[in-house]
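Examining the three-dimensional arrangement
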Amino acid sequence: MRQEIEDGYLAGPRYRATGPEITVTGGLADERKQHMHAESFGMIADAPDEIRRA
């Protein structure tokens, strides 16, 4: 789909095919545990400004 949009066959937003998963605290990609002090593959963002930064 990304390539179809880029080639002009479909109207749509620009796609970024890969990137970090962004989630809220306690969301599906928030795999942090109480005993862990590091985030997993997901980036945690809890407000619109934090999501834009992520």
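The present account deals with the structure reproduced in this document. Model, not experiment: these values are computed from the prediction.

1. Quick notes on the overall build of the chain
For the chain, the count of helices and strands is two helices and two strands. Each helix and strand of the chain, placed in order from N terminus to C terminus, yields the pattern α-β-β-α. Counting all 54 residues of the chain, 15% fall into the buried class. Sequence separation of at least 24 residues holds for 5% of the intrachain contacts in the chain that already meet a minimum separation of 6.

2. A closer look at the pattern of salt bridges
Evaluated as defined, the whole model comprises one salt bridge. For the salt bridge of aspartate 49 with arginine 52, the shortest nitrogen-to-oxygen distance reads 2.7 Å. Remark: arginine 52 and aspartate 49 occur in helix α2 (residues 48–53); sequence separation between them is three residues, near one turn of the helix. Judged by relative accessible area, aspartate 49 falls into the partly exposed class, the value being 48%. For arginine 52, a relative accessible area of 64% corresponds to the exposed category.

3. Remarks on the side chain of threonine 23
Tracing the sequence through the fold places threonine 23 in strand β1 (residues 21–23). Non-local contacts of threonine 23, meaning those with residues more than four positions away in its chain, are made with Leu28, Ala29, Asp30, Met43, Ile44 and Ala45.

4. Points about the environment of glycine 12
In this structure, glycine 12 sits in the loop between α1 (2–6) and β1. For glycine 12, a relative accessible area of 44% corresponds to the partly exposed category. Remark: the alpha-carbon pair of glycine 12 and methionine 1, spanning 11 residues in sequence, is separated by 9.3 Å.

What counts and what doesn't
- Residues numbered from 1 in each chain as written.
- Predicted model: local features only at pLDDT ≥ 70, side-chain atom pairs only at ≥ 80, totals over all residues.
- Heavy atoms only, no water.
- Helix = DSSP H or I, 4+ residues; strand = E, 2+ residues; numbered from the N terminus.
- Buried < 20%, exposed > 50% of the residue type's maximum accessible area, 1.4 Å probe, protein only.
- Contact = heavy atoms within 4.5 Å.
- Salt bridge = Lys/Arg side-chain N within 4 Å of Asp/Glu carboxyl O.

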